[in-house]
Amino acid sequence: ESRVKLLQNLRRSFTEERLFMVYQPKIDLQTGTIAGFEALMRWRKDDGAYVPPLDFIPIAESSGLIVPLGEWALRTALVQAVMLQAMLGRPLPMAVNVSVVQFAHPGFMRMLDSALAYAGATADMLELEITESVAMQDICTVRAKLRELYDLGIRISIDDFGTGFSSLNYLEQLPVHALKIDKSFVDRLSDTPPDLRIP
């Protein structure tokens, strides 16, 4: 299927509400309890087949469709976070991925405020996961926006760390709460002798 056809189908599926969110629990390995959730976007086509996110997210980003898609995903995830908190009786942060295009959009902070208000959620119920590619943008701009988010009480994680070219020296200049080490980086530690030097 061509990129153009895939984009057309994605636009139509979004309009017809064929996209949906799933919520993957995060488990505290020490206690075995749920420590939060990660919201993941899924797309099921008319024929019932699923389109992998790795196929449709880059197309959504390059076309700009990721901006309305991201807003919908954030609102939906925050509504679910409020419901889960009421159901489980304790706050469980909801992690939502943010793309480079979303993060750089001039209306990003306004959209975020609107999504929190729409869901009736507080800032501490949200964790934003940004990739290394976001973190590697102009450091002054990124640091200022991350500081604004951090000061609001929103948790910030760097996702897929180890797949790009950022260094810990660079990342420690950013106000973030956590690094999520990419699976490919971790897998390599046990196989390649040079990588075994990394503690």
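Remember, predicted model here, so these are calculated numbers, not experimental data.

Turning our eyes to something else, we now look at the overall build of the protein. Scanning the protein from terminus to terminus reveals nine helices and seven strands. For the protein, the proportion of its 199 residues judged to be buried stands at 37%. Contacts spanning at least 24 positions in sequence make up 65% of the contacts within the protein whose residues lie at least 6 apart. Working note: accessible area of the protein is about 11,100 Å², and carbon and sulfur atoms make up 57% of it.

In this section: the packing of aromatic side chains. Here the structure, examined in full by the defined rule, presents four aromatic pairs. Between Trp43 and Phe56 the ring centres are 5.6 Å apart and the planes differ by 90°, which places this aromatic pair in the edge-to-face class. Of this pair, Trp43 sits in strand 2 (residues 34-44) while Phe56 is found in helix 2 (residues 53-63), placing the two residues 13 residues apart along the sequence. Overall, the relative accessible area of 0% leaves Trp43 in the buried class.

Interhelical geometry of helix 3 (residues 66-88) versus helix 5 (residues 108-119) gives an angle of 35° and a closest axis separation of 8 Å. Crossing of helix 3 against helix 5: the hand is right-handed. Of the residues in helix 5, those in contact with Glu71, Leu74, Arg75, Leu78, Val79 and Val82 of helix 3 are Met111, Leu112, Ser114, Ala115, Leu116, Tyr118 and Ala119. Among the residues making up the contact of helix 3 with helix 5, the classes are represented as ten nonpolar, one polar and two charged.

Taking 1.5 Å per residue, 14 residues should reach 20 Å; helix 7 (residues 139-152) reaches 20 Å between its end C-alpha atoms and fits that length. Turning to helix 7, its buried residues are Val142, Lys145, Leu146 and Leu149. Each buried residue of helix 7 sits inside an arc of 100° when the element is viewed along its axis, so together they form one side. At the C-terminal side of helix 7, Gly153 shows a positive phi close to 100°.

At a closest axis distance of 10 Å, the pairing of helix 1 (residues 3-15) and helix 2 adopts a crossing angle of 85°. Classified by the angle between their axes, helix 1 and helix 2 sit roughly perpendicular to one another. For the pair formed by helix 1 and helix 2, the contact residues are Arg3, Leu6, Leu7, Leu10 and Arg11 on the first element and Asp55, Phe56, Ile59, Ala60, Ser62 and Ser63 on the second. Here the contact of helix 1 with helix 2 is built from residues that sort into six nonpolar, two polar and three charged.

With that settled, the discussion passes to the nonpolar core. The nonpolar side chains of a soluble globular protein tend to be buried, and buried together. Judged by nonpolar contacts, the single largest core of 48 residues is most densely connected at Phe103, Phe108 and Leu149. Sorting elements by how many residues they give to this core places helix 3 first, with eight residues. Ignoring any residue separated from it by four or fewer positions in sequence, one finds Phe103 in contact with Val98, Phe108, Ile130, Val134, Val142, Lys145, Leu146 and Leu149.

The next thing to look at is the pattern of salt bridges. In this structure the tally under the stated criterion is eight salt bridges. The salt bridge partner of Glu16 is Arg18, with a shortest N-O separation of 3.4 Å. Two residues, Arg155 and Glu127, come together in a salt bridge whose shortest N-O distance is 3.9 Å. Of the two residues, Arg155 is situated in strand 6 (residues 155-161) and Glu127 in strand 5 (residues 126-131); the sequence distance between them amounts to 28 residues. According to the relative accessible area criterion, Glu127 is buried, its value standing at 6%. Taken together, the shared-partner salt bridges connect Arg12, Glu16, Arg18 and Asp46 into one network.

Reading the values: rules and limits
Residues numbered from 1 in each chain as written. Predicted model: local features only at pLDDT ≥ 70, side-chain atom pairs only at ≥ 80, totals over all residues. Heavy atoms only, no water. Helix = DSSP H or I, 4+ residues; strand = E, 2+ residues; numbered from the N terminus. Buried < 20%, exposed > 50% of the residue type's maximum accessible area, 1.4 Å probe, protein only. Contact = heavy atoms within 4.5 Å. Areas by Shrake-Rupley, 256 points an atom, 1.4 Å probe, with all protein chains shown as cover. Phe/Tyr/Trp six-rings, centres within 6.5 Å; stacked < 30°, edge-to-face > 60°. Axes fitted to C-alpha atoms, helices over the stretch in contact; angles between N-to-C directions. Left-handed = near helix turned anticlockwise from the far one by under 90°. Nonpolar A, V, L, I, M, F, W, Y, C, P; charged D, E, K, R; others polar. Expected span 1.5 Å × (residues − 1). Arc of directions from axis to C-beta. Parallel < 35°, antiparallel > 145°, perpendicular 65-115°, else oblique. Core = buried A, V, L, I, M, F, W, Y, C linked by side-chain atoms within 4.5 Å. Salt bridge = Lys/Arg side-chain N within 4 Å of Asp/Glu carboxyl O.

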